[in-house]
Amino acid sequence: MHIIGGLPRAGTTLACQLLSMNENFHCTPTSAILDTLKVMRSNFSQDPTWKAQDRLKLMENFRQGMNGFLEGFFHDKDVVFDKCRGWSNHISLLDTIRGNTDTKIIWFYRNPVEIIGSIESQYQRTILLENPDEQAAPGAFATLDRRIGTFMNDGGIVSYPVEILRDFIEMNGSDRILIVKYFDLTNNTQAVLDTIHEFIGEPKKSYDLTRLKQATFEYDGLYNYKFPHTIKEGSVKFKPADVEFPTKYVNVINNKYAGLNKFVFEGDPSMLLGLSEEEYKEQQITLNLKKK
């Protein structure tokens with residue numbers, strides 16, 4: 001089982017349709033598997049009947065029960081890609097349940113300026129409907145300036161995936177995560193698919209990129225059609241952002257995600273982690289010593 005995650009509007013839906021063209025692969029739509037496991041964990045932690053027992057003695061039984069749920073749910077699948085951004089900071093839970101560290105994360109990146117432009121474009125395209133968060137905080141969507149700020153807020157739709165990516169790197173390093181850029185996915189599609197195959201240890205396959213079909217489906221009305229999960233069938237094509245922001249907003253967005261961009265394009269996560277390059281190198285030496 002591997003993970004499809006990353007930024008919103010960055011190609012995760014497209015990637016799932018592409019990977020689903022491989023008869024040995026199964027890609028989920030946005031998945032509740034993690035949420036289900038968290039409910040099981042919460043029940044084991046808080047239910048009075050469980051708490052009345054010696055749960056330390058039951059830990060292995062419960063672990064195998066949770067793993068049995070995963071095995072049973074995907075019993076008729078070979079290679080599974082579970083699409084859920086939340087896995088990045090819950091990978092240790094999955095590793096414990098599975099009893100190994102074989103799971104890889106394919107993390108999708110797109111220029112944050114384009115992402116926020118895509119979100120704003122869809123907001124305007126469906127202006128007769130509110131954003132799902134708008135009723136609770138109408139002022140946050142009152143102006144372009146406020147909407148951009150809302151989309152970039154810490155813990156928000158764009159920043160939260162970056163926050164949990166940072167946590168994953170701090171906890172696990174970057175060997176188990178593959179960054180896929182939206183531009184590459186749509187312009188060098190076969191090469192990206194080859195890289196994904198190699199990353200997860202599966203033989204390469206030649207994909208017919210002129211016969212793309214929608215294979216996973218999600219009901220976009222759930223979020224008032226603000227975040228569509230449909231693709232254009234046929235050939236894979238790059239879709240540029242629909243909105244061009246004034247320079248002052250572009251600069252604000254680029255400054256906010258400078259650490260992410262440095263990691264993606266230079267392979268250096270120090271700024272993303274809030275460290276100098278020297279501090280990061282020292283931290284890596286410490287982590288490597290602990291692993292030994």
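Located above this text is the structure these notes cover.
Residues numbered from 1 in each chain as written. Predicted model: local features only at pLDDT ≥ 70, side-chain atom pairs only at ≥ 80, totals over all residues. Heavy atoms only, no water.

Draft legend 1. Here's a closer look at the packing of aromatic side chains. Evaluated as defined, the whole model comprises twelve aromatic pairs. Judged by centre distance (5.9 Å) and plane angle (80°), the ring pair of W50 and F62 falls under edge-to-face. With a gap of twelve residues between them, W50 in helix α3 (residues 48-51) and F62 in helix α4 (residues 55-73) connect regions that are remote in the sequence. Aromatic side chains Y109 and F265 sit 5.6 Å apart centroid to centroid with 85° between the ring planes, which places their arrangement in the edge-to-face category. Note that Y109 is positioned in strand β4 (residues 105-109) and F265 in helix α12 (residues 258-266), a separation of 156 residues in sequence. Residue classification places Y109 among the buried positions, given a relative accessible area of 4%. Taken together, the ring pairs in this structure connect F44, W50 and F62 into an aromatic cluster. The ring of F199 carries K104 above its face, with NZ or CZ at 4.6 Å from the centroid. Between K226 and the ring centre of Y123, over which it is positioned, the NZ or CZ distance is 4.5 Å. (Phe/Tyr/Trp six-rings, centres within 6.5 Å; stacked < 30°, edge-to-face > 60°. Helix = DSSP H or I, 4+ residues; strand = E, 2+ residues; numbered from the N terminus. Buried < 20%, exposed > 50% of the residue type's maximum accessible area, 1.4 Å probe, protein only. Lys NZ or Arg CZ within 6 Å of the ring centre and 35° of its normal.)

Draft legend 2. Representation of the pattern of salt bridges within the structure. Summed over all chains, the structure comprises 13 salt bridges. One salt-bridge network, in which partners are shared between bridges, spans K262, D268 and E277. (Salt bridge = Lys/Arg side-chain N within 4 Å of Asp/Glu carboxyl O.)

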